[in-house]
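If you want the building blocks of each chain, they are given just below.
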Amino acid sequence: MLNYPKIKKSLGPVLLAVCLLASVPSVGAAAPAASPAGSPASTDQKPGDIIVQGKLSCPLKRLVIAPFRGVLTAVKARAGQKVKEGEVLAQYRLFPDVVIQLRRRLSPPQIHDLEAQIAGIDQNLSSMEVKKRELQGLSAENMAPAQSLSQVEKEIQLAFRNRSAIDARLKLEQQLAKDDLSVLKDQLGKSINPGNVPEQVSLVSPIAGYVIGEGADVREGAEVGPGEPAFVIGVMDPMVVRAQVHEMEAIHIGLGDKATISLDSLPGKTFEGTVSRLSWMPISPGVDQPSYYEMELTVPNPDLALKDGLKGQIDIRRPK
């Protein structure tokens, strides 16, 4: 008759060994590799390619700001319009108080004060030179003390030093006024002079490109300025795509690498780009945060199909 308790006791170690062997992975079996942080896996990604998300942007954008308060009288440019450097975008009429302030600004009172001081010094110098010659004649005939002549000569030297200092200040103020006149010419979009401040001025394009944005209130009769952006001018060809690349991928990217760009808003179309900029400094230096690097690709845009702000996917083809 079988002794079941005895058999169970003898089989215990054997069953335990079998369970342990079953839990050990077979030799050569590899665990699935984890994807780098910040780089989601793509089902259509080719081996060796790097795929990241990016956004289109104009490589150069300039704001056109109304520097003074006024009322728009004409709007000559709208979004999407091609413009040249210096082209008039809008015209506006300055408020009367602004015109008065500009006239005072173009005729600084300190310049007139300094010129008056120099004129007074020159008049005194002329009188002192006459007095000096008289004392020299009297001193030669022993009819005037030498101290009087010496005192006049010291006064003349002091007047010359004072005149030299005032003249240096005057030249500085005149140069500042000249520079300010040049600044106002750029701000007002036309030539001006101290005696003629026009009431009607212009906003002009600082660069050649396209009007990619305009203020919501840019219309005839609306008030503008000061300091309010009226237009945004951008270069549209080529465009750039900016992205952030994880450190695991950034070390495999170099300047000149080619990429295929597909946009969410233009399905079925792809565009060719070239890596034109890659930062060597991470966006965040924190030790407890992953390191991402800024990358920029240049994309030709001859037909202006690409617009500022479009998002898409960048597929960088790594060399085999």
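Residues numbered from 1 in each chain as written. Predicted model: local features only at pLDDT ≥ 70, side-chain atom pairs only at ≥ 80, totals over all residues. Heavy atoms only, no water.

*Asks:* How do you make sense of the layout of surface pockets when you look at a structure like this?
*Replies:* If a probe as big as a water molecule is rolled over the atoms, it shows which places are left empty. Estimates place the volume of the largest pocket at around 260 Å³. For the largest pocket, the lining is made up of 14 residues, of which Val64, Asp186, Gln187, Val204 and Pro206 are closest to its centre. Broken down by secondary-structure element, the contributors of at least two residues to the lining of the largest pocket are strand S2 (61-66), helix H4 (146-188) and strand S6 (200-204). In terms of residue count, S2 provides more of the lining of the largest pocket than any other element does, four residues in total. The residue makeup of the lining of the largest pocket, split by class, is seven nonpolar, three polar and four charged. (1 Å grid on protein atoms, 1.4 Å probe; cavity = no way out; pocket = protein on both sides within 12 Å on 5 of 7 lines; lining within 4 Å. Points joined across faces, edges and corners; volume = space filled by probe spheres on them. Helix = DSSP H or I, 4+ residues; strand = E, 2+ residues; numbered from the N terminus. Nonpolar A, V, L, I, M, F, W, Y, C, P; charged D, E, K, R; others polar.)

*Asks:* Would you take a moment to explain the nonpolar core for this structure?
*Replies:* Grouped burial of nonpolar side chains is what soluble globular proteins tend to show. Membership of the largest hydrophobic core comes to 30 residues, with the highest contact counts inside it found for Tyr92, Leu94 and Phe231. Of all elements in the fold, only S2, strand S3 (70-75), strand S5 (88-94), helix H2 (96-106), H4, S6 and strand S9 (228-234) reach the threshold of two or more residues within this core. In this structure, Cys58, Ala259, Tyr293 and Ile314 belong to the second largest nonpolar core, which totals 25 residues. (Core = buried A, V, L, I, M, F, W, Y, C linked by side-chain atoms within 4.5 Å. Buried < 20%, exposed > 50% of the residue type's maximum accessible area, 1.4 Å probe, protein only.)

*Asks:* Is there a simple way to think about the sheet that holds strand S12 (residues 270-278) in this case?
*Replies:* Adjacent strands of a sheet form backbone hydrogen bonds with each other and so pair up, either parallel or antiparallel. Spatially, S1-S10-S13-S12-S11-S14 is the arrangement adopted by the six strands of the closed barrel, whose pairing is antiparallel. Here the average twist between neighbouring strands, direction ignored, is 40 degrees. As paired elements, strand S1 (residues 50-57) and strand S10 (residues 239-246) share four bridges and run antiparallel to each other. By the bridge assignment, Leu56 is partnered in S10 with Val241. (Pairing = 2+ DSSP bridges. Axes fitted to C-alpha atoms, helices over the stretch in contact; angles between N-to-C directions.)

*Asks:* What am I meant to see in the sheet that holds strand S4 (residues 82-83) here?
*Replies:* Spatial strand order, S2-S9-S7-S4: four strands in an open sheet with antiparallel pairing. Sheet topology places S2 and S4 at the edges, where each strand pairs with a single neighbour. Where S2 and S9 come together, six bridges link them in antiparallel fashion. Looking across to S9, one finds that Ile65 is bridged to Pro229.

*Asks:* How should I be thinking about H4 in this particular structure?
*Replies:* Residues that lie three or four places apart on an α-helix share one face, since the helix turns once every 3.6 residues. Taking 1.5 Å of rise per residue, 43 residues should cover 63 Å, and H4 covers 63 Å from first to last C-alpha, within 8% of that figure. By the burial criterion, the buried members of H4 are Leu149, Val152, Ile156, Ala159, Ile166, Leu170, Asp180, Leu184 and Leu188. Residues of H4 that are buried sit in contact with S5, H2, helix H3 (109-140) and S6. In the segment just after H4, Gly189 is the residue with positive phi, at about 75 degrees. (Expected span 1.5 Å × (residues − 1). Contact = heavy atoms within 4.5 Å.)

*Asks:* Looking at this structure, I do not really get the pattern of salt bridges. What am I missing?
*Replies:* When the charged atoms of two side chains lie near each other, side chains of opposite charge can form a pair. Scanning all chains against the criterion turns up 10 salt bridges. With its nearest N and O atoms 2.6 Å apart, the salt bridge here joins Asp180 to Arg105. You can see Asp180 sitting in helix H4 and its partner Arg105 sitting in helix H2, a full 75 residues away along the chain. According to the relative accessible area criterion, Arg105 is partly exposed, its value standing at 34%. Put simply, Glu296 and Arg277 hold a salt bridge, and the shortest N to O gap is 3.9 Å. Highlighted residues: Glu296 in strand S13 (residues 292-299) and Arg277 in strand S12, separated in sequence by 19 residues. The class of Glu296 is buried, set by a relative accessible area of 10%. Residue Arg277 is classed as exposed on the basis of its relative accessible area, which comes to 53%. Three or more residues joined by partner-sharing salt bridges are found here, namely Arg69, Asp97 and Glu223. (Salt bridge = Lys/Arg side-chain N within 4 Å of Asp/Glu carboxyl O.)

*Asks:* Sorry, what's going on with the packing of H3 against H4 here?
*Replies:* A pair of packed helices can be characterised by two numbers: the angle between their axes and the separation between those axes. Viewed as axis vectors pointing N to C, H3 and H4 meet at an angle of 160 degrees, and their least axial separation amounts to 9 Å. Regarding the angle of H3 to H4, the classification is roughly antiparallel. Seen from above, H3 lies across H4 with left-handed handedness. Its residues assigned to classes, the contact of H3 with H4 comprises 15 nonpolar, six polar and 11 charged. (Parallel < 35°, antiparallel > 145°, perpendicular 65-115°, else oblique. Left-handed = near helix turned anticlockwise from the far one by under 90°.)

*Asks:* What should I look at first to understand unusual backbone geometry in this one?
*Replies:* The bulk of non-glycine residues show a negative phi, and the bulk of peptide bonds are trans. With an omega of -10 degrees, the peptide bond running from Gly225 to Pro226 counts as cis. Turning to its location among the elements, Pro226 is positioned in the loop between strand S8 (223-224) and S9. Each neighbour pair has its own omega, and for Asp237 with Pro238 the value is 5 degrees, a cis peptide bond. Structurally, the position occupied by Pro238 is in the loop between S9 and S10. Even without being a glycine, Leu304 presents a positive backbone phi close to 60 degrees.

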